[in-house]
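The residues making up each chain are set out below.
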Amino acid sequence: MKGKKHQQQLICLLLTIVIVFQSCTVYKKTPVSLNDAMNSNGKAVITTTANVKNKYSQILLLEGNYYGIVKTNKGESKVLLIENEIKSIRVHDKTASTIGNIAIVIGTVGAVFFIVALIDLASMDFGGDWGSGAF
């Protein structure tokens, strides 16, 4: 019975890891302009000249100024983006994020099945006296 409880805890832990890693976002390596980031209508990460990385759910152009949309507990808020304080802008790479998330899920599920099989194999009683040397 102790083995089954250990299996359940292990499966729960690995599935929790899958859920956590599914929220991973991959950004393209090639920097883009503010206008391109706005036209992508997606997530962007902006590195400032002070090497601070800020993540935005969207970039908007309102009344000639660029704003980054940040999700907060109270909803969304706009942050004014100052062009000469921006070092680089990278946009969300949807394809790489999808492939990465699928690989994480498949790898973790495969690891769960492999570990459960090893635990079952270790708990099996094959009978006989394997240590006696008599065949």
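Quick look at the structure, then. For every chain, the first residue of the written sequence is number 1, and numbering continues from 1 onward in sequence order. Reporting of local features is limited, given that this is a predicted model, to residues whose pLDDT is at least 70; pairs of side-chain atoms are given and counted only at 80 or more, and all residues count toward the totals for whole chains, interfaces and linings. Only heavy atoms go into the side-chain values, all of them from the structure, while hydrogens and water stay out.

## Here's the deal with a positive patch on the surface
Turning to step 1, where the next piece is worked out: A patch is a set of surface residues, each over 30% in relative accessible area and not in a salt bridge, joined within 9 Å for like charges and within 5 Å for the nonpolar side chains Val, Leu, Ile, Met, Phe, Trp and Tyr. Only the protein chains shown count as covering a residue, and every accessible area follows the Shrake-Rupley method with a 1.4 Å probe. By salt bridge we mean one thing: a side-chain nitrogen of Lys or Arg within 4 Å of a carboxyl oxygen of Asp or Glu. Only four residue types enter the charge count: Lys and Arg as positive, Asp and Glu as negative, with His and the chain ends excluded. Charge coordinates come from a single atom per side chain, which is NZ of Lys, CZ of Arg, CG of Asp or CD of Glu. Taken together, the side chains of Lys-43, Lys-53, Lys-55 and Lys-71 make up a positively charged region of the molecular surface.
Turning to step 2, where the next piece is worked out: Strands are runs of DSSP state E lasting at least two residues, helices are runs of H or I lasting at least four, and both sets are numbered from the N terminus onward. Inspection of the secondary structure assignment puts Lys-55 in strand 2 (residues 53-56).

## Focus on the nonpolar core
Turning to step 1, where the next piece is worked out: Residues Leu-34, Ala-37, Met-38, Ala-44, Ile-46, Tyr-56, Ile-59, Tyr-66, Leu-81, Ile-86, Ile-89 and Val-91 constitute the largest nonpolar core, which totals 12 residues.
Turning to step 2, where the next piece is worked out: Only helix 2 (34-39), strand 1 (44-48) and strand 6 (86-91) provide two or more residues apiece to this core.
Turning to step 3, where the next piece is worked out: The contact definition used throughout considers only heavy atoms, calling two residues in contact when any of these lie within 4.5 Å. Those residues in contact with Val-91, other than ones at most four positions away along the chain, are Tyr-27, Lys-28, Val-32, Ala-37, Ser-40, Lys-43 and Ala-44.
Turning to step 4, where the next piece is worked out: Counting 5 residues, the second largest nonpolar core, distinct from the first, contains Leu-10, Leu-14, Val-112 and Val-116. Definition used in this section: a nonpolar core is a set of buried Ala, Val, Leu, Ile, Met, Phe, Trp, Tyr and Cys residues joined via side-chain atoms within 4.5 Å. Exposure categories follow from relative accessible area, calculated using a 1.4 Å probe and restricted to protein chains: below 20% of the type maximum is buried, above 50% is exposed, and the middle band is partly exposed.

## A few points about the pairing of strand 2
Turning to step 1, where the next piece is worked out: Inspection of the sheet shows strand 1 paired to strand 2 by 4 bridges, in the antiparallel sense. Residue pairing across strands places Ala-44 opposite Tyr-56, the latter belonging to strand 2.
Turning to step 2, where the next piece is worked out: Count of turn residues in the strand 1/strand 2 antiparallel hairpin: 4 residues, of which Asn-51 carries a positive phi of about 60°. Here, strands pair whenever DSSP counts at least two bridges between them.

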